Number of protein chains: 2
Amino acid sequence: MNKTFEELTPWLDKIYALNCALVLFEWDDATEAPEESSELTSKAVEILSSEYYKAIINDDVKKLLEKLSEEKDLDVKERAIVKDLKKQHESMEPIPAEEYQAYQGLIARASSVWTKAKNASDYSLFAPTLEKIIEYQKKFIDYRLKAGKKEMKPYDLLLNDFEEGFTTKELDTFFDTLKKEIVPLMQMVTDKKDKIDKTYNHRHFPVEKQRQFNRMLAEHVGFDFKRGVIKESAHPFTTNLHNKDVRITTHYFEDNLESAIFSTVHESGHALYEFQISDDLTGTPVGTGTSMGMHESQSRLFENNFGRSREFWIPLFQNLKDTYPETLADIDLDTFILGINKSTPSLIRTEADELTYSLHIMVRYEVEKMIFENKVTIDELPEVWNSKYEEYLGVTPENDAEGILQDIHWAGGSFGYFPSYALGNAIAAQIYAHLKNVMPLDEYLTSGNFAPINAYLKEHVHQYGKTKTTNEILMDMMGESFNPQYYIDYLKDKYTALYKDL
Amino acid sequence: MNKTFEELTPWLDKIYALNCALVLFEWDDATEAPEESSELTSKAVEILSSEYYKAIINDDVKKLLEKLSEEKDLDVKERAIVKDLKKQHESMEPIPAEEYQAYQGLIARASSVWTKAKNASDYSLFAPTLEKIIEYQKKFIDYRLKAGKKEMKPYDLLLNDFEEGFTTKELDTFFDTLKKEIVPLMQMVTDKKDKIDKTYNHRHFPVEKQRQFNRMLAEHVGFDFKRGVIKESAHPFTTNLHNKDVRITTHYFEDNLESAIFSTVHESGHALYEFQISDDLTGTPVGTGTSMGMHESQSRLFENNFGRSREFWIPLFQNLKDTYPETLADIDLDTFILGINKSTPSLIRTEADELTYSLHIMVRYEVEKMIFENKVTIDELPEVWNSKYEEYLGVTPENDAEGILQDIHWAGGSFGYFPSYALGNAIAAQIYAHLKNVMPLDEYLTSGNFAPINAYLKEHVHQYGKTKTTNEILMDMMGESFNPQYYIDYLKDKYTALYKDL
């Protein structure tokens, strides 16, 4: 090991240990902590978060990173770690400590302000807080651009934080294509939606039966219970301490069969990425998915490209029927496949189907872009939001709760994050097309044989963690970087075929 | 707040946060972590443990504690915190860092050596490790006695670490009384044991039913599920992050009805102590039970003095029968009460009944005393152990696994810890006698009314955390410090009454 890098090791150990603790607290809070524990436990979590932050941002680490940037004999992993930590330093350092602290305080209070506003469906309660958050964000971007002497649009800096190499240039092209192709496709599909009867999905499905089926389902796609845990929480999520401890949650609704199923498959996709990170990288800052978009591509690949295909359900459907023998007695595979692919434009992103999901993101992307290009005032946001929903999805929110207030992200200061969801969908389709070229994918799905699929994903995507960017992974795997055309083609082909006889 | 004490606050915060994290990791490891996670997670736990240690033992804290020892205007809580941290400093400081580290390394390996030796039932595999641990212990005691200029027997220093104010002087008196009174009582009881038929306890009791009954049982004695969690683990235990997050585990055996019941009541007793620590103290180093002996007194009070009484079962027995209507159809309350109080001298401490339990501890106490008075060699230990079992319990281990190797404590370097178990039993009996004097205890138990009992324990015992010692609590509550006669009287009265008609 490089001598200077060795000096970084105790810091990396501390970062690793504190991260494990923070992950465990988050998991525990969502799955098990008693309801009155949160105030006192939050205090511990805040202290540990600040220790975590101090383990990254401090003068000793800064000096080491400067020295390490000059070193020639770092290996791939070491270089990636230095790059990752430097990126964090560069984004934090230009911001005056008092301002950052004030901002953190604002963010800490913002989610409860947002909750109140959402519950009252009254945007005016949240607007002053949102305005302050945006002001800070703009100031911070300004500090960072000046410090880095970068010529960059403000919003591009945020986008690049979440997805390296993706700026408004790439995303404008991406969303323009979506607008041109998906909006008309969606209209065709929407016209036929009433021909699909999906009432079976809302019959009664006891939680205990769902638990049993979903556990089997996770195992079916490759979730390893020796290294993983599956539990329940209000909002499904995936987290991990390292590659030998990966945890997912799902949520059971007794009047909705699909909900837990696709949550489970979605989170299992995220989990597989973390399970298959190389042993050499796990426990380091680069031992996790390379970006939010790439992570989302893995969950979407499993949830949608695999999970909503006929092939996927061929080996599973009888098992599903056997789990609810009376309830699903009259439902055949064709009905089920149409049901899980029924598309209906709706107001709420988290309930959106495969076809319309990215349009929800497009609305948010355009709104965020306007915010950071100073083309919209805080007061105008609800109207802009609503008119875009009307234009792209053909539906109009009746109130703020189902409109501008529906997502918590902005209350947490997460601007530039939404596009990753849509990128994930598009990357998933690109990888799916590639898999079809390099292996008998449909055969594997039909026989429930996930081993070769997962082995391929490990070899070409998962194992690298953050040592490769999204585009490097795509380029090395298939000789082509990000290309949204695969996504368009996938949706067109799929929905045309599915709906052709309706 | 005192100005100097204020400077200690960031350290206390850090100690609190790291302790919460370590508690959560321990809980997670025992209840949920996937089986292959331990190696990588242990690394994180080791790093956090060392951070925890460094947050207490460091020069800044040392200087602050020195200054604070001179301060006159500290309040009760502040004084207790300073005293507690100073105690930790005084016990650690005299030990050279390299030796301490070597010892820690030895301890880290010792438990797996012990496990192997126990599985092979071969003491010779563990003896060399045990010898080294004892050598270190003796050296460390020597350093500490010299540094503190203390005239004290070596073993007394260890005893005092676990239970302030209790040394061989008090414990010799205690165990001598036990020997004189309990050993003959036990012989009387043992002669009659075959007259009690307890086969019903080993019928089939499905786990799901047990879960339901034990949850109700915990609630019955006052366990608050809004601030607590009950789960399952191999060995039942209680832990807590603070007084609003207290967690217990139990363990269900389908062929043993009692096992989980008394684990649940035992751990609920521990839990109540932690629930009822004052809000002002929780989250500080003195916001927990004052000593291991006092903690054990609360669990034993609930498990034995309350939990094995007829009064306790009057409001519960029908519920128990209803839980297993067919299995327990032929069992009446009298049979059940005799069954849960059947006493049989055995070889294994953790399976011992209320009457013989403290005799198991007496063996360990006498053996430990001999070790630290250099009156026994490592090689002689199994023989000494066996002959004491024969003498006090009338049973002789057939092999090392059920003899000298049965407990893990010594592999962890815990010498002087065992007596707290017996002290707990005796303190429980003393508090039980007091409760009978100050409230209509039997009436409360018979009507399942734990609120006034728990309120009294909160007011006189629990709320103080470590701001009072065991003897201060007893003295303030009942005008008398520790007195083992209550325990003797309790056992005599109880077993005489129970067995008189057999």
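Quick caveat: nothing in here was measured; it's all calculated off a predicted structure.

1. What to know about the overall build of chain A
Within chain A, the regular secondary structure consists of 21 helices and three strands. In summary, chain A has a C-alpha radius of gyration of 23 Å against a globular reference of 23 Å for 502 residues, a match within 12%. With respect to the three principal axes, the spread of C-alpha positions in chain A is 65 × 50 × 50 Å. Nonlocal contacts in chain A, meaning residues at least 24 apart in sequence, comprise 74% of its contacts between residues at least 6 apart.

2. Focus on the interface of chain B and chain A
Every contact between the two is made by 37 residues of chain B and, on the other side, 37 residues of chain A. Of the roughly 3100 Å² buried at the junction of chain B and chain A (both faces included), carbon and sulfur atoms supply 65%. At the boundary of chain B and chain A, one finds 16 residue pairs in polar contact (both at pLDDT 80 or more). With 11 residues, helix H1 (residues 3-31) of chain B is the largest single contributor of residues to the side of chain B that touches chain A. Across the side of chain B that touches chain A, the residue classes tally to 17 nonpolar, six polar and 14 charged.

3. Things to note about the pattern of salt bridges
Side chains that differ in charge, positive against negative, can pair when their charged atoms come close. For the structure on display, the rule yields 73 salt bridges over all chains. Salt-bridge contacts for Lys54(A) lead to Glu51(A); the nearest nitrogen and oxygen are separated by 3.3 Å. Note that Lys54(A) and Glu51(A) are positioned in helix H2 (residues 38-56) at a spacing of three residues, about one turn of the helix. One salt bridge connects Arg203(B) with Asp330(B), and the closest N-O pair in it is separated by 2.8 Å. Here Arg203(B), found in the loop between helix H8 (168-192) and helix H9 (207-221), pairs with Asp330(B), found in the loop between helix H13 (317-323) and helix H14 (333-340); they are 127 residues apart in sequence, far enough to count as distant.

4. A short note on a negative patch on the surface
Residue and element names in this part refer to chain A. Taken together, the side chains of Glu131, Glu135, Asp379, Glu380 and Glu383 define an acidic patch exposed on the protein surface. Relative to the helices and strands, Glu380 is located in the loop between helix H15 (357-372) and helix H16 (381-393). What makes Glu380 partly exposed here is its relative accessible area of 38%.

5. Some words on the sheet that holds strand S1 (residues 228-232) of chain B
Sheets are built from strands that pair by backbone hydrogen bonding, the pairs being arranged parallel or antiparallel. All names here are of chain B. Judged by pairing direction, the sheet is mixed, and its three strands sit side by side in the order S1-S3-S2 without closing on themselves. The outermost strands of the open sheet, each flanked by one partner alone, are S1 and strand S2 (238-242). With strand direction ignored, the average angle separating the axes of adjacent strands in the sheet is 20 degrees. Of the pairings in the sheet, the one linking S1 to strand S3 (residues 245-250) comprises five bridges and is parallel in character. Within S3, the position partnered with Glu232 by the bridge is Thr250. On top of the sheet, H1 reaches S1, S2 and S3; it is set at about 145 degrees to S2, its chief contact.

6. What about the nonpolar core?
The tendency in soluble globular proteins is for nonpolar side chains to be buried side by side. Membership of the largest hydrophobic core comes to 145 residues, with the highest contact counts inside it found for Phe174(A), Phe306(A), Trp313(A), Leu320(A), Phe336(A), Leu435(A) and Ile453(A). Per-domain counts for this core show at least three residues from each of domain 1 (3-133) and domain 2 (168-499) of chain A. In this view, Leu320(A) contacts Phe213(A), Leu257(A), Ile261(A), Trp313(A), Leu328(A) and Phe336(A); residues no more than four positions away in its chain are not counted. Of all hydrophobic cores here, the second largest spans 144 residues; its members include Ala117(B), Tyr123(B), Ile378(B) and Leu435(B).

7. Quick word on the sheet that holds strand S2 (residues 238-242) of chain A
All names here are of chain A. An order of S1-S3-S2 is seen for the three strands of this open sheet, with the pairing classed as mixed. Bordering the open sheet on either side are strand S1 (228-232) and S2, each of which pairs with just one other strand. Sheet twist, expressed as the average angle between the axes of neighbouring strands with direction ignored, equals 20 degrees. Helix-sheet contacts for helix H10 (residues 257-275) involve S1, S2 and strand S3 (245-250), and the interaxial angle to S3 is about 165 degrees.

8. Concerning the confidence of the model for chain A
Within chain A, residue pLDDT values average 96, and 100% of them lie at 70 or more. With pTM at 0.94, the complex prediction returns an ipTM value of 0.93.

9. Observations concerning the pairing of S2(B)
Residues and elements named next belong to chain B. The buried count for S2 comes to four of five residues, which makes it a mostly enclosed element. Bridging between S2 and S3 involves four bridges; their strand directions are antiparallel. Considered in S3, the bridge of Thr239 is made with Arg247. A loop of two residues connects S2 with S3, the two strands running antiparallel in sequence.

10. Some thoughts on the environment of Gly448(B)
Residue and element names in this part refer to chain B. Position of Gly448 among the secondary structure elements: in the loop between helix H18 (441-446) and helix H19 (451-460). The sequence separation of Gly448 and Ile314 amounts to 134 residues, and the corresponding C-alpha distance is 8.4 Å. Setting aside residues no more than four positions away along its own chain, Gly448 makes contact with His220 and Pro315.

11. As for the relation of the copies chain B and chain A
Superposition record for chain B on chain A: RMSD 0.0 Å, screw rotation 180 degrees, translation along axis 0.0 Å. The operation mapping one copy onto its partner corresponds to a two-fold rotation axis. Using C-alpha coordinates, one finds that chain B approaches the rotation axis most closely at Ala21(B), a distance of 3.0 Å. Both copies contact each other with a shared surface, as 100% of the interface residues of chain B are interface residues in chain A too.

12. Comments concerning the domain arrangement of chain A
All names here are of chain A. Here chain A is described as being made up of domain 1 (3-133) and domain 2 (168-499). Each of domain 1 and domain 2 was reduced to a C-alpha centroid, and the two centroids are 27 Å apart. Approximately 2900 Å² of surface area, both sides summed, lies buried where domain 1 meets domain 2, with 70% of it carried by carbon and sulfur atoms. On the surface where domain 1 and domain 2 come into contact, there are three salt bridges. A salt bridge links Asp84 to Lys466; the nearest nitrogen and oxygen atoms lie 3.5 Å apart. At the junction of domain 1 with domain 2, the criterion picks out 11 residue pairs in polar contact (both at pLDDT 80 or more). Listed by contribution, the elements that provide at least two residues to the side of domain 1 that touches domain 2 are helix H1 (3-31), helix H4 (76-92), helix H5 (97-120) and helix H6 (123-147). No other element matches H1, which puts nine residues into the side of domain 1 that touches domain 2.

13. Focus on H15(A)
All names here are of chain A. Relative to the 22 Å expected for 16 residues at 1.5 Å per residue, H15 spans 23 Å between its end C-alpha atoms, a close match to the ideal helical length. The element H15 is largely enclosed, with a buried count of 15 among its 16 residues. Phi for Asn374, located one or two positions after H15, is positive at around 55 degrees.

14. Quick word on the side chain of Glu296(A)
Considering the arrangement of structural elements, one finds Glu296(A) in helix H11 (residues 292-306). Setting aside its immediate chain neighbours within four residues, Glu296(A) contacts His266(A), His270(A), Ser420(A), Tyr421(A) and Gly424(A).

15. Digging into helix H7 (residues 154-162) of chain B
Listed as buried for H7(B) are Tyr155(B), Asp156(B), Leu157(B), Leu158(B) and Leu159(B). Considering only its buried residues, H7(B) is in contact with helix H6 (123-147), H8, helix H15 (357-372) and helix H17 (419-438) of chain B.

16. Considering unusual backbone geometry
As a rule of thumb, non-glycine residues mostly have phi less than zero, and peptide bonds are mostly trans rather than cis. Unlike most non-glycine residues, Ser121(A) shows phi in positive territory, near 50 degrees. With respect to the helices and strands, Ser121(A) occurs in the loop between H5 and H6. Given the relative accessible area of 24%, Ser121(A) is considered partly exposed. The backbone of Lys149(B) sits at a positive phi, close to 45 degrees, despite the residue not being glycine. With respect to the helices and strands, the residue Lys149(B) is situated in the loop between H6 and H7.

About the cut-offs
Residues numbered from 1 in each chain as written. Chains lettered and ligands numbered in written order. Predicted model: local features only at pLDDT ≥ 70, side-chain atom pairs only at ≥ 80, totals over all residues. Heavy atoms only, no water. Helix = DSSP H or I, 4+ residues; strand = E, 2+ residues; numbered from the N terminus. Rg over C-alpha atoms; globule rule 2.2 N^0.38 Å. Contact = heavy atoms within 4.5 Å. Buried area = accessible area lost by both parts, 1.4 Å probe. Polar contact = N/O pair within 3.5 Å; in protein donor to acceptor, adjacent residues only side chain to side chain. Nonpolar A, V, L, I, M, F, W, Y, C, P; charged D, E, K, R; others polar. Salt bridge = Lys/Arg side-chain N within 4 Å of Asp/Glu carboxyl O. Patch = residues over 30% accessible without salt bridge, like charges linked within 9 Å, V, L, I, M, F, W, Y side chains within 5 Å. Areas by Shrake-Rupley, 256 points an atom, 1.4 Å probe, with all protein chains shown as cover. Lys, Arg positive; Asp, Glu negative; His and termini not counted. Charge placed at Lys NZ, Arg CZ, Asp CG, Glu CD. Buried < 20%, exposed > 50% of the residue type's maximum accessible area, 1.4 Å probe, protein only. Pairing = 2+ DSSP bridges. Axes fitted to C-alpha atoms, helices over the stretch in contact; angles between N-to-C directions. Core = buried A, V, L, I, M, F, W, Y, C linked by side-chain atoms within 4.5 Å. Domains from an automatic or database assignment. pLDDT = per-residue confidence, 0-100. Least-squares fit on C-alpha atoms with pLDDT ≥ 70 in both. Expected span 1.5 Å × (residues − 1).

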